[in-house]
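Next come the chains, spelled out residue by residue.
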Amino acid sequence: MYRILTENKNVDQVRRMLCGLGLDYTVYYGEGAWQGHRENGLMIELDNVTKDLAEKAARLIKQLNSQEAVLLQEIPVVSQFI
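The numbers attached to residues start from 1 for each chain and follow its sequence in the written order. Whole-chain, interface and lining totals are the exception, using all residues; otherwise, since this is a predicted model, local features are given only for residues with pLDDT of at least 70 and side-chain atom pairs are given and counted only at 80 or more. Excluded from the side-chain calculation are hydrogens and water; included are all heavy atoms of the structure.

Student: Which residues make up the nonpolar core, and what are the values?
Tutor: For our purposes a nonpolar core is just a set of buried Ala, Val, Leu, Ile, Met, Phe, Trp, Tyr and Cys residues, chained together by side-chain atoms within 4.5 Å. For every residue, the accessible area obtained with a 1.4 Å probe (protein chains only) is divided by the maximum for its type, and the residue is called buried under 20%, exposed over 50%, and partly exposed between those limits. The biggest cluster of nonpolar side chains holds 16 residues, and the ones touching the most others in it are Ile-4, Leu-18, Leu-23, Ile-44, Leu-46 and Ile-61. We count a stretch as a helix when DSSP gives it H or I for four or more residues in a row; a strand needs E for two or more, and each element gets its number in order from the N terminus. The set of elements that each furnish at least two residues to this core consists of β1 (2-7), α1 (11-20), β3 (37-46) and α2 (51-64). Setting aside residues no more than four positions away along its own chain, Ile-44 makes contact with Tyr-2, Arg-3, Ile-4, Thr-6, Val-14, Leu-18, Tyr-25, Thr-26, Val-27 and Ile-61. Every residue pair with non-hydrogen atoms within 4.5 Å of one another is taken to be in contact.

Next up, the structure:
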């Protein structure tokens with residue numbers, strides 16, 4: 001599973017971009033800090049996706065939101081639909 005942590009900006013455009021890439025995702029809203037400055041955050045979880053596609057999504061979000069960086073985490077997980 002991959003997780004993208006980013007600023008809570010342009011959420012509708014981010015969702016459209018993720019759908020345009022054919023990604024299934026879950027979005028959580030939160031609060032965080034970047035370089036000592038509090039900001040509203042967005043946590044996007046992607047499962048059953050390649051690392052290349054997760055990186056592409058993170059780069060597009062970074063560009064869309066004019067951010068210096070977004071955080072991409074790779075989390076070992078086993079998923080099963082029941």
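Student: An account of unusual backbone geometry is needed here, citing residue identities and associated values.
Tutor: Even without being a glycine, Asn-10 presents a positive backbone phi close to 50°. Note on placement: Asn-10 falls in the loop between β1 and α1.

Student: Explain the sheet that holds β3 residue by residue, including any values.
Tutor: In a beta sheet, neighbouring strands pair by backbone hydrogen bonds and run either parallel or antiparallel. Should DSSP find at least two bridges between two strands, the strands are taken to pair. Read across the open sheet, the 4 strands follow the order β2-β3-β1-β4; overall the sheet is antiparallel. Two strands close off the open sheet at either side, each with one partner strand: β2 (25-34) and β4 (71-74). With strand direction ignored, the average angle separating the axes of adjacent strands in the sheet is 25°. With 10 bridges joining them, β2 and β3 adopt antiparallel strand pairing. By the bridge assignment for β3, Ala-33 is matched with Arg-38. Seen against the sheet, α1 touches β2 and β3 and runs at an angle of roughly 135° to β2. The axes are straight lines fitted to the C-alpha atoms, using for helices just the contacting stretch, and the angles between their N-to-C directions are given from 0 to 180°.

Student: Give me the lowdown on the environment of Val-27, citing residues and values where you can.
Tutor: Counting through the fold element by element, Val-27 comes out in strand β2. Taking the relative accessible area as the measure of exposure, Val-27 reaches 21% and is therefore partly exposed. The spacing of Val-27 and Pro-76 is 49 residues in sequence and 19 Å in space, taken between C-alpha atoms. In this structure Val-27 touches Leu-42, Met-43 and Ile-44, once residues within four positions along its chain are discounted.

Student: Explain α2 to me, and be specific about the residues and the numbers.
Tutor: Two residues of an α-helix separated by three or four positions point the same way, owing to the 3.6 residues in each turn. Given a helix with a known number of residues, its expected span is that number minus one, times 1.5 Å. Taking 1.5 Å of rise per residue, 14 residues should cover 20 Å, and α2 covers 20 Å from first to last C-alpha, within 8% of that figure. Listed as buried for α2 are Ala-54, Ala-57, Ala-58 and Ile-61. Taken down its axis, α2 places every buried residue within 100° of arc, on the same side. Facing away from the buried side of α2 by over 90 degrees, the exposed positions are Asp-52, Arg-59 and Gln-63. Turning to α2, the residues buried within the fold contact β1, α1, β3 and β4. Where α2 terminates, the next one or two residues include Ser-66, which has phi positive at roughly 50°. In this description, one arc is meant: the one made by directions from the helix axis to the C-beta atoms.

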